[in-house]
Number of protein chains: 2
Amino acid sequence: MNGFTPSLEALIDKLASLPSIGRKTAQRLAFHLMSLSDSETDDFINAILNARKKVKRCSVCCNFSDDDVCQICSSKERDKSVICVVESPRDVQAFERTNEYSGTYHVLHGAISPMNDVSPEDICIKELIARLSDPEIKEVIMATNPTVEGEATAMYISKLIKPLGVKVSRLAYGIPVGADLEYADEYTLVRAIEGRKTL
Amino acid sequence: MNGFTPSLEALIDKLASLPSIGRKTAQRLAFHLMSLSDSETDDFINAILNARKKVKRCSVCCNFSDDDVCQICSSKERDKSVICVVESPRDVQAFERTNEYSGTYHVLHGAISPMNDVSPEDICIKELIARLSDPEIKEVIMATNPTVEGEATAMYISKLIKPLGVKVSRLAYGIPVGADLEYADEYTLVRAIEGRKTL
């Protein structure tokens with residue numbers, strides 16, 4: 001006999017189709033789900049359905065939000081003149097953890113990637129452009145990932161924004177703090193030399 | 001702002017409570033679940049509910065089964081005189097992949113572990129003892145894991161079985177095929193010497 005029972009195999013297949021879940025982990029998860037009580041299962045399923053029902057995109061910055069406008073966009077303590085443009089809500093969390101950035105964000109939900117069939121219309125670029133009609137906004141910081149897609153997205157958006165008279169900047173490239181120069185890749189080193197600062 | 005929206009955080013917490021899922025993976029999974037269509041979400045939830053509803057334990061060997069008696073126990077081609085006792089349905093799959101073992105199995109669903117509050121009554125030992133009243137059964141192979149718990153479980157069960165006049169054996173310990181002796185641990189090497197065979 002190969003494999004488990006059909007319905008268990010179906011569940012394992014479903015779990016294995018999730019991102020970063022391999023077949024072994026899917027098996028372990030399936031066995032765990034089989035061992036839960038009915039009320040624990042209900043809790044689990046309700047967490048999924050509840051998040052799907054409640055979580056929408058902030059009407060300003062497109063970040064995930066339970067309300068129409070997210071906590072950051074509705075906060076009076078944030079500097080509304082700067083928008084940090086990121087690919088994913090996870091990137092917002094990364095900046096928030098620094099406790100240094102006090103501006104607002106704009107979440108694109110992806111990056112332009114012809115290889116993966118993601119065109120500019122598929123990510124939240126038009127929502128960003130719409131925000132720029134507000135004269136309060138002085139600067140847009142492109143904080144997309146330092147990848148081919150992130151770079152292309154940053155270039156594409158900056159070309160759209162520049163004619164509007166808003167300053168566009170890009171995160172600095174260089175060696176990460178605490179890293180070992182010996183293991184830095186050549187592209188990063190070249191960018192670090194190009195971006196060197198006078199002491 | 002720390003963290004995502006409350007309902008998204010609740011979902012991430014639930015996912016992170018699953019075995020072998022860390023917080024980063026839970027975030028990725030949650031984002032994936034948010035991006036599914038409604039019908040894909042239904043498929044996912046139905047796979048869980050369907051498996052929980054359909055999958056029961058085989059009334060003979062306690063392995064997972066969609067039917068009252070599993071495919072292996074109901075097969076006429078399996079040797080019913082030998083029972084291989086394992087801790088988990090995954091172990092059954094491991095033996096089945098060898099394509100060499102043609103006997104039946106018994107799944108304990110765990111191992112005796114006082115540390116984790118698992119007593120002999122919590123695993124399927126009584127179901128195994130009940131099977132041994134069948135005079136057809138000649139041998140029980142203890143194939144629990146080579147861990148403290150697996151070892152203790154094997155010893156406990158063999159003491160119960162021996163008075164019944166059924167042969168009890170244990171999987172051989174030794175160096176794994178294809179392994180490098182240099183990296184074998186001392187316990188395995190001692191067992192390999194003890195179990196040496198004349199050429």
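The coordinates are above.
So, a few notes on the structure that sits alongside this text. Per-chain numbering applies: the sequence of each chain, read as written, is numbered from 1 onward. Here every chain gets a letter starting at A, and every ligand a number starting at 1, in the order they are written. Per-residue local features are limited, in this predicted model, to residues with pLDDT of at least 70; the limit for side-chain atom pairs, both in listing and counting, is 80 or more; totals at the level of whole chains, interfaces and linings are taken over all residues. Values reported for side chains reflect all heavy atoms of the structure, with hydrogen atoms and water molecules removed beforehand.

## Remarks on the packing of aromatic side chains
Only centres within 6.5 Å qualify two rings of Phe, Tyr or Trp (six-membered ring in Trp) as a pair; their planes then separate them into stacked at under 30 degrees, edge-to-face at over 60, and tilted for everything else. Considering all chains together, one arrives at 10 aromatic pairs over all chains under this definition. Aromatic side chains Y101 of chain A and Y105 of chain A sit 5.2 Å apart centroid to centroid with 55 degrees between the ring planes, which places their arrangement in the tilted category. Given a relative accessible area of 2%, Y105 of chain A falls into the buried group. Three or more aromatic residues link up through ring pairs in this structure, and these residues are F4 and F31 of chain A together with F64 of chain B. Any residue under 20% of the maximum accessible area for its type is buried, any over 50% is exposed, and the rest in between are partly exposed; the area is computed with a 1.4 Å probe on protein chains only.

## A word on the environment of A172 of chain B
Helix numbering and strand numbering both begin at the N terminus, where a helix is a DSSP run of H or I of at least 4 residues and a strand a DSSP run of E of at least 2. Within the secondary structure, A172 of chain B sits in the loop between β6 (167–170) and α8 (186–194). For the pair formed by A172 of chain B and S158 of chain B, sequence separation is 14 residues and the distance between their alpha carbons is 15 Å.

## Some details on empty space enclosed by the protein
As defined here, a cavity is a set of points on a 1 Å grid over the protein atoms alone where a 1.4 Å probe fits but cannot get out. A pocket is an open set with protein on both sides within 12 Å along at least five of seven lines, and residues line them when an atom is within 4 Å of a point. Grid points are joined across faces, edges and corners, and a volume is the space filled by probe spheres set on the points. All chains considered together, the criterion is met by one cavity of 30 Å³ or more. The calculated volume of the largest cavity comes to roughly 60 Å³. As for the largest cavity, its lining consists of L15, L18, L29, L33 and F44 of chain A together with L15, L18, L29, L33, F44 and I48 of chain B. For the lining of the largest cavity, the secondary structure elements donating two or more residues are α2 (23–35) of chain A together with α2 (23–35) and α3 (38–54) of chain B. Looking at the lining of the largest cavity residue by residue, the classes come out as 11 nonpolar, no polar and no charged. Gly falls in the polar group here, along with every residue not listed as nonpolar (Ala, Val, Leu, Ile, Met, Phe, Trp, Tyr, Cys, Pro) or charged (Asp, Glu, Lys, Arg).

## What about the interface of chain B and chain A?
A contact between two residues is defined here by any heavy atoms of the two lying within 4.5 Å. Contact residues are listed per partner, giving 51 residues for chain B and 51 residues for chain A. Here the quantity called buried area is the total loss of accessible area, with a 1.4 Å probe, experienced by two parts when brought into contact, counted for both. Surface buried jointly by chain B and chain A totals about 4900 Å² across both partners, of which 69% is contributed by carbon and sulfur atoms. We count a salt bridge whenever a side-chain nitrogen from Lys or Arg sits within 4 Å of a carboxyl oxygen from Asp or Glu. Where chain B packs against chain A, one counts two salt bridges. The closest approach of N and O atoms between D38 of chain A and R52 of chain B, which form a salt bridge, is 2.8 Å. Pairs of N or O atoms are called polar contacts if they sit within 3.5 Å, as long as, within protein, a hydrogen donor faces a hydrogen acceptor (for residues adjacent in sequence, only side-chain-to-side-chain pairs). In this assembly, chain B and chain A are joined by 13 residue pairs in polar contact (both at pLDDT 80 or more). Of all the secondary structure elements, the ones that give two or more residues to the side of chain B that touches chain A are α1 (6–16), α2, α3, β2 (64–65), α4 (71–74) and α5 (89–97) of chain B. Counting residues per element, the side of chain B that touches chain A draws most heavily on α3 of chain B, at 12 residues. Considering only residue class, the side of chain B that touches chain A consists of 24 nonpolar, 15 polar and 12 charged.

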